[in-house]
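# Chain and residue survey
Okay, here's what each chain looks like letter by letter:
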Amino acid sequence: MSGAKMIQHIPARKTLVNRTAETKRIRLAVYCRVSTDEEDQLESFANQQAYYLRYVSNHPEYTLVKVFADEGITGLNTRKREEFIKMIEACKTGLVDMIITKSISRMFRNTADCLLYTRELKKMGIGVVFEEQGINTLDSTGELMLTILSSLAQDESRNISENVTWGIRSRFQQGRLHLNTNRFLGYDKDKDGNLIINHEQARLVQRIFDSFLNGMSPDTIAAQFRQEGIPTIMGTSRWSPSTIYGILRNEKYKGDVLLQKWYTADFLSGITVRNNGEVEQYYIKGNHEPIIPPERWEVAQLELARRKAFRERYGLRTLGRYTAEQPFSNRVFCARCGDLFCRRTWYRLGRDIKVWQCNKRYKEKGVVGCTSGNLFEHQLHDAFVRAWNTVVTERESRMSVWNAQMAGNDLLTAFYAKRFMYLTANGQMMNKTDMNIVAKVLERAVFHGDHLDFYLLDGSQITVNLCK
């Protein structure tokens, strides 16, 4: 039988981390954050940094790696905190042994993020010390306390978010606007928060509405602005069709305000979604001086709806990727199959010949599909000139129809009637195709092989036989 067992007790070392040997100094990273960019908060931010610099100098066992500091960034999640992400990367590359921060709320407001990162760091042997709560995540009770306290921090964020939301909606109920004019073209704010017209920007807004109602598409307007190097409200020249659409649809340009268009669906992610009736809204008429007269703004909305219906009717992805020089694009259709005609170029005897063909003419290379024939561009232009000259010639007989349209309740029809009266007032006949008039008056043309039917925006139709 062997002798009695001898058991020797080896006490644990009272260190904050277990990653480094006793002979090495602990490489310390400090994390600071303030939640807003207000002046007093930024002063607190500077104080945090100064405090931890003194802290490290008073602890010779530490070597400061870096003070990682995010300012003016919300703490609800870590996605947008660049310095926080850099700190985690420094830990992964073995540059950090320990992290210290003032409190859980300085580093996390989200329980899931808190546990995810602290567990990941713990696997690497890196502890996080939260001074205010007295927690070291490498201690045995650290995670339990961390779970409880981070949940409380998350709930505090929820209460703050709800209070902020309540405050904003209370202002909405009183008709008080919550708008960042630094991201809104055409208006500034006075000292009382009222919208006042920025006349330089307003001219650009007016140009957008005028161009659109003169037949240009948002695609074309955006491309023209990019070409001219006109800056957006953010100072870049990256105009997009969606930006133009947004301006055309915004009721603020007619002096009204719809409040609560968007709302925060989840306070943790901070993601905002369009309000489709989920929360209440408030509409204020005549809130401020309009840039666009209300009736003209309403006409633009009707024209947006008309073009959308036209696209859907003919299966078009867009209405008018054309330039100002080619407004017939997406407006010429095949009578035989109903598909769109597109412009192509033939090269014959050293000349470029422009011809329009049905999209279904060639299902595959060399195989003829639709047999509608070719429409030469000179035929299209000649036919439109004759159609428009017919309108000019018949002006007097058409006046009764236009007057009735102007007296009706349909603002868009009245708008086009007034336009036709204006364009034909001088009785001047057209010698060659005026592309500006095409854009302003033509809805579509249908090719029948030997003739074209022109459907105009005043609701009339003119048939023109084609010249060979």
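Keep in mind that this is a model prediction, so the values were computed, not measured.

The rules we used
- Residues numbered from 1 in each chain as written.
- Predicted model: local features only at pLDDT ≥ 70, side-chain atom pairs only at ≥ 80, totals over all residues.
- Heavy atoms only, no water.
- Core = buried A, V, L, I, M, F, W, Y, C linked by side-chain atoms within 4.5 Å.
- Buried < 20%, exposed > 50% of the residue type's maximum accessible area, 1.4 Å probe, protein only.
- Helix = DSSP H or I, 4+ residues; strand = E, 2+ residues; numbered from the N terminus.
- Contact = heavy atoms within 4.5 Å.
- Salt bridge = Lys/Arg side-chain N within 4 Å of Asp/Glu carboxyl O.
- 1 Å grid on protein atoms, 1.4 Å probe; cavity = no way out; pocket = protein on both sides within 12 Å on 5 of 7 lines; lining within 4 Å.
- Points joined across faces, edges and corners; volume = space filled by probe spheres on them.
- Nonpolar A, V, L, I, M, F, W, Y, C, P; charged D, E, K, R; others polar.
- Phe/Tyr/Trp six-rings, centres within 6.5 Å; stacked < 30°, edge-to-face > 60°.
- Lys NZ or Arg CZ within 6 Å of the ring centre and 35° of its normal.
- pLDDT = per-residue confidence, 0-100.
- Expected span 1.5 Å × (residues − 1).
- Polar contact = N/O pair within 3.5 Å; in protein donor to acceptor, adjacent residues only side chain to side chain.
- Pairing = 2+ DSSP bridges.

## Here's the deal with the nonpolar core
- In this structure, W239, Y253, F384, W388 and F454 are the most contacted members of the largest nonpolar core, which totals 69 residues.
- If you tally residues by element for this core, the top one is helix α10 (residues 377-393), at 8 residues.
- If sequence neighbours within four positions are ignored, W239 has contacts with L185, L204, I208, A222, F225, R226, I230, P231, T232, I244 and I247.
- Counting 18 residues, the second largest nonpolar core, distinct from the first, contains Y31, F84, I88 and F130.

## Comments concerning the pattern of salt bridges
- For the coordinates displayed, the defined rule picks out 17 salt bridges.
- Its salt-bridge partner being R296, residue D210 comes within 2.8 Å of it at the nearest N-O pair. Of the two residues, D210 sits in helix α6 (residues 199-213) while R296 sits in helix α9 (residues 294-314), which places them 86 residues apart along the sequence.
- The exposure class of D210 is partly exposed, given its relative accessible area of 32%.

## Brief notes about the environment of G186
- With respect to the helices and strands, the residue G186 is situated in the loop between α5 (142-173) and β6 (187-189).
- The buried category is assigned to G186, whose relative accessible area is 0%.
- Not counting the four nearest positions on each side in its chain, G186 is found in contact with I196, I197, N198, Q201, A202, V205 and I291.

## A word on the layout of surface pockets
- Reported here for the second largest pocket is a volume of approximately 400 Å³.
- If you go around the second largest pocket, you meet 14 residues; those closest to its centre are R296, A414, F415, K418 and R419.
- Counting only elements with at least two residues in the lining of the second largest pocket, the list comes to α9 and α12 (411-423).
- Considering each element in turn, the lining of the second largest pocket owes the most residues, 7 residues, to α12.
- Here the residues of the lining of the second largest pocket are counted per class, giving 7 nonpolar, 2 polar and 5 charged.

## What about the packing of aromatic side chains?
- If you walk through the whole model with that rule in mind, you get 21 aromatic pairs.
- Here Y55 and Y62 contribute two aromatic rings whose centre-to-centre distance is 6.2 Å and whose plane-to-plane angle is 15°, an arrangement assigned as stacked.
- A residue is classified by how much of its surface remains accessible, and Y62, at 5% relative accessible area, is buried.
- Put simply, the rings of Y51, Y52, Y55 and Y62 pair up and form one aromatic cluster.
- One Lys or Arg, R444, reaches over the ring of Y455 and ends 3.8 Å from the middle of that ring.

## Focus on unusual backbone geometry
- Even without a glycine there, the phi angle at N330 is positive, about 65°.
- Positionally, N330 belongs in the loop between α9 and β12 (332-334).
- Judged by its relative accessible area of 14%, N330 falls in the buried class.

## As for the confidence of the model for the chain
- Summarising the model, the chain shows a mean pLDDT of 80, and 74% of its residues fall at 70 or more.
- Confidence scores differ between elements of the chain, with strand β9 (residues 262-266) showing the lowest mean pLDDT of 48 and strand β19 (residues 451-456) the highest of 97.
- Across residues 320-324 the pLDDT falls below 50, and counting only partners more than four positions away or on other chains, this stretch makes 17 contacts in the model.

## Structural notes on α12
- Compared with the 18 Å implied by 1.5 Å per residue over 13 residues, the 18 Å span of α12 between its first and last C-alpha is a close match.
- When α12 is considered as a whole, its buried residues turn out to be L412, A414, F415, Y416, A417, R419, F420, M421 and L423.
- For α12, the N-terminal capping position is held by D410, with its side-chain oxygen 3.0 Å away from the main-chain nitrogen of L412.

## Things to note about the sheet that holds strand β13 (residues 341-348)
- Strand order in the open sheet made by the 3 strands is β13-β14-β17, with antiparallel pairing throughout. Unpaired on one side and paired on the other, β13 and β17 (375-376) mark the two borders of the sheet.
- By the bridge criterion, 8 bridges tie β13 to strand β14 (residues 351-358) in an arrangement that is antiparallel. Its bridge partner lying in β14, F341 is registered against C358.

## Here we look at the side chain of D97
- By secondary structure assignment, the location of D97 is in the loop between α2 (82-92) and β3 (98-101).
- Look at D97 and you get buried, because its relative accessible area is 1%.
- In terms of polar contacts, D97 uses its side chain to reach the side chain of R27, at 2.8 Å.

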